[in-house]
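Each chain is listed here by its residues.
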Amino acid sequence: MRALSFALLLSLLAACGLGVKPTGEIIGGGGGGGGGDTVSFALDILPIFQQDCTICHGGAGGLNLDSFAGVIAGGVSGAIVLPGNAAQSLLPRRLDGTAPPVMPLDAPALTAPEVDRIRTWIDEGAQDN
Ligand code: HEC
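Before going into details, it helps to say that this report is about the structure given with it. Every value quoted in this text rests on a predicted model; they were computed, and no experiment measured them.

Quick notes on the site of the ligand
And then number 1: Looking at the ligand, there are 22 residues lining it, with Cys 53, Cys 56, Gly 75, Ser 77 and Met 103 nearest.
And then number 2: Here the shell around the ligand gets three residues from one element, more than from any other, and that element is helix α4 (residues 90-95).
And then number 3: Of the residues contributing to the shell around the ligand, the split by class is 15 nonpolar, four polar and three charged.

Encoded structure:
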């Protein structure tokens, strides 16, 4: 009997279109717009910049990482993002040490997953999404 009621509960959950990933994250509840694993500028990238970069790159003049337009406009070196080509883009190269000085200047580096997320966003076309 117990097994039967558990199966019933599971099918009820499935009927609602909801599930829970092993991480505890609720899936199927909406959000995102169904773009699969596409990285979102607004949700995944901008918050990193606002936490670690805009203290120096947020004002008028120079590189402004506080908006999509500012990121695309770039800085004194010109474009820092080449859509579809993270390997050649200055932005991630400032983060992983391949184009010193490493950013954020005088602060702990971003984590590898954060840098990967930025690379993926660029490789996916650096969209305003
Ligand atoms: C403490 C201040 C400071 C912080 C924080 C900081 N930067 Fe910078 N950043 C600078 C300075 C100063 C320069 C210009 C010096 C240089 O390019 O050598 C610069 C240059 C850059 C450039 C090159 C711009 C160009 O056009 O040449 C990029 C890209 C950049 N930063 C990205 C970032 C990112 C991304 C973050 C956050 C993870 C960050 N920076 C955090 C001070 C900072």
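So, the nonpolar core
And then number 1: Grouped together as the largest cluster of nonpolar side chains are 18 residues, with contacts concentrated most on Ile 45, Leu 65, Leu 95, Ile 118, Trp 121 and Ile 122.
And then number 2: Going through the elements one at a time, α2 (41-52), α4 and α5 (112-123) are the ones with two or more residues in this core.
And then number 3: For this core, the leading source of residues is α5, giving four residues.
And then number 4: Ignoring any residue separated from it by four or fewer positions in sequence, one finds Ile 45 in contact with Val 39, Arg 117, Ile 118 and Trp 121.

Some details on the packing of α2 against α5
And then number 1: Closest axis-to-axis distance for the α2/α5 pair is 10 Å, and the angle between their directions is 130°. Considering their axes alone, α2 and α5 lie oblique with respect to each other. Like other packed secondary-structure pairs, α2 and α5 cross with a definite hand, here left-handed. On α5, the residues touching Phe 41, Asp 44, Ile 45 and Ile 48 of α2 are Glu 114, Arg 117, Ile 118 and Trp 121.
And then number 2: When its residues are assigned to classes, the contact of α2 with α5 shows five nonpolar, no polar and three charged.

Reading guide: rules and limits
- Residues numbered from 1 in each chain as written.
- Predicted model: local features only at pLDDT ≥ 70, side-chain atom pairs only at ≥ 80, totals over all residues.
- Near = placed C-beta within 6 Å.
- Helix = DSSP H or I, 4+ residues; strand = E, 2+ residues; numbered from the N terminus.
- Nonpolar A, V, L, I, M, F, W, Y, C, P; charged D, E, K, R; others polar.
- Core = buried A, V, L, I, M, F, W, Y, C linked by C-beta atoms within 7 Å.
- Buried ≥ 20, exposed ≤ 12 C-beta atoms within 10 Å, placed from the backbone.
- Contact = placed C-beta atoms within 7 Å.
- Axes fitted to C-alpha atoms, helices over the stretch in contact; angles between N-to-C directions.
- Parallel < 35°, antiparallel > 145°, perpendicular 65-115°, else oblique.
- Left-handed = near helix turned anticlockwise from the far one by under 90°.

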